[in-house]
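# Inside the fold
For reference, the chains in residue letters:
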Amino acid sequence: MAKNIGFIGLGIMGKPMAHNLHKAGHRLFVHARRAESMVPLAQLGCASYATAAEAAAQADVIFIMVSDTHDVKQVLFAEGGVAQGAKPGSVVVDMSTISPTATRHYAARLAERGIAMLDAPVSGGDVGAINGTLSIMVGGKPEVFERVRPLFECMGKNIVHIGDNGAGQVAKACNQIVVGVTIEAVAEALTFARKSGVDVAKVREALLGGFAASRILDVHGKRMLDNNYQPGFKTKLHQKDMNIVMQTAQELGLALPAAALVMQHMNALMGTGDAESDSAAVMKIVERMSGVER
Ligand code: NAP
């Protein structure tokens, strides 16, 4: 059955996700910060609004896909925000990658107004967003998840309800730890091969058939071999996510030494002009430390 859907944030990820909901026959009410970001959806016949509150007022389910924790707070609670427009009984689904702690706080504030919230960050990049094959990690009440599940199915394939509010963001932080630390490991291994005077491409090929095989060795390892760091997933976004990981670790009194090292290497990339490069460019920092030139 067609639903009335609000969609806030129409960037690299939000635009194709909103498009997929529209293609599935739902009625969309959209908002982004800049008017020009709304044009492609408006051209498809979606109603666009100058404020998030106005878009939310039309909708049963309101999706948010903006940059970071601060932006989600603005979209929800600033003047003209979702909380001012959304009807009691509606559901807010935040698909941005943000802090789990802040997420729990926002869910409690919305609940005071009779509005349910799910956190549903994604993995799979712009290609997954365009193809509707995202992996979606969901936190919130199971009955709310079941209500929204058919809409998630328009945008993703691997859709897992992890637990209560914030649990989806915890899963996404875990994802970013594994990806970041594995990028570091692949960069160190391939640099070890190069410094040893061994054919790096052949080492990667051999490792791909054994226990060290991974998507990161395959995809990011290839970028490192080619010295080509076209994104992909930009360093500035990966750094933002590692910052969420480290802040949460601090709140929990949790030591994450490998993730902390990766965070420092991403800080170094940000400071040396690689904010827009794929985060596989961690290889450049590893190489520089040992004087590897190519
Ligand atoms: P993006 O291209 O920068 O898009 C962000 C969108 O949010 C833009 O449309 C922007 O509006 C809007 N926005 C930001 N702050 C806003 C505010 N205060 N009020 C209203 N609209 C606001 O980012 P993205 O790549 O789509 O990423 C979105 C989220 O998905 C991030 O949390 C990111 O970490 C996560 N993610 C990204 C990827 C990826 O591969 N890109 C993969 C997985 C997860 P304007 O267009 O008007 O500026």
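The model shown is predicted, which means the values in this text are computed figures rather than measured ones. (Residues numbered from 1 in each chain as written. Predicted model: local features only at pLDDT ≥ 70, side-chain atom pairs only at ≥ 80, totals over all residues. Heavy atoms only, no water.)

## As for the site of the ligand
In the vicinity of the ligand there are 24 residues, among which Met13, Arg34, Ser37, Ser67 and Lys240 approach most closely. At a separation of 3.0 Å, an oxygen atom of the ligand approaches a polar side-chain atom of arginine 33. Within the backbone of arginine 34, a nitrogen or oxygen atom sits 2.6 Å from an oxygen atom of the ligand. When isolated, the ligand has an accessible area of 910 Å², and the protein chains bury 88% of it. Sorting elements by how many residues they give to the shell around the ligand places helix H4 (residues 69–77) first, with 3 residues. Taken together, the residues of the shell around the ligand sort by class into 9 nonpolar, 9 polar and 6 charged. There are two domains that each give the shell around the ligand at least three residues, and those are domain 1 (4–164) and domain 2 (171–290). (Near = heavy atom within 4 Å. Polar contact = N/O pair within 3.5 Å; in protein donor to acceptor, adjacent residues only side chain to side chain. Areas by Shrake-Rupley, 256 points an atom, 1.4 Å probe, with all protein chains shown as cover. Helix = DSSP H or I, 4+ residues; strand = E, 2+ residues; numbered from the N terminus. Nonpolar A, V, L, I, M, F, W, Y, C, P; charged D, E, K, R; others polar. Domains from an automatic or database assignment.)

## So, the packing of H4 against helix H6 (residues 100–111)
The contact between H4 and H6 brings their axes to 11 Å, and the two run at 5°. When the interaxial angle is binned, H4 and H6 end up roughly parallel. Residues Thr69, Val72, Lys73, Leu76 and Phe77 of H4 lie in contact with H6, whose contacting residues are Ala102, Tyr106, Arg109 and Leu110. (Axes fitted to C-alpha atoms, helices over the stretch in contact; angles between N-to-C directions. Parallel < 35°, antiparallel > 145°, perpendicular 65-115°, else oblique. Contact = heavy atoms within 4.5 Å.)

All we've got here are geometric facts, nothing functional implied.
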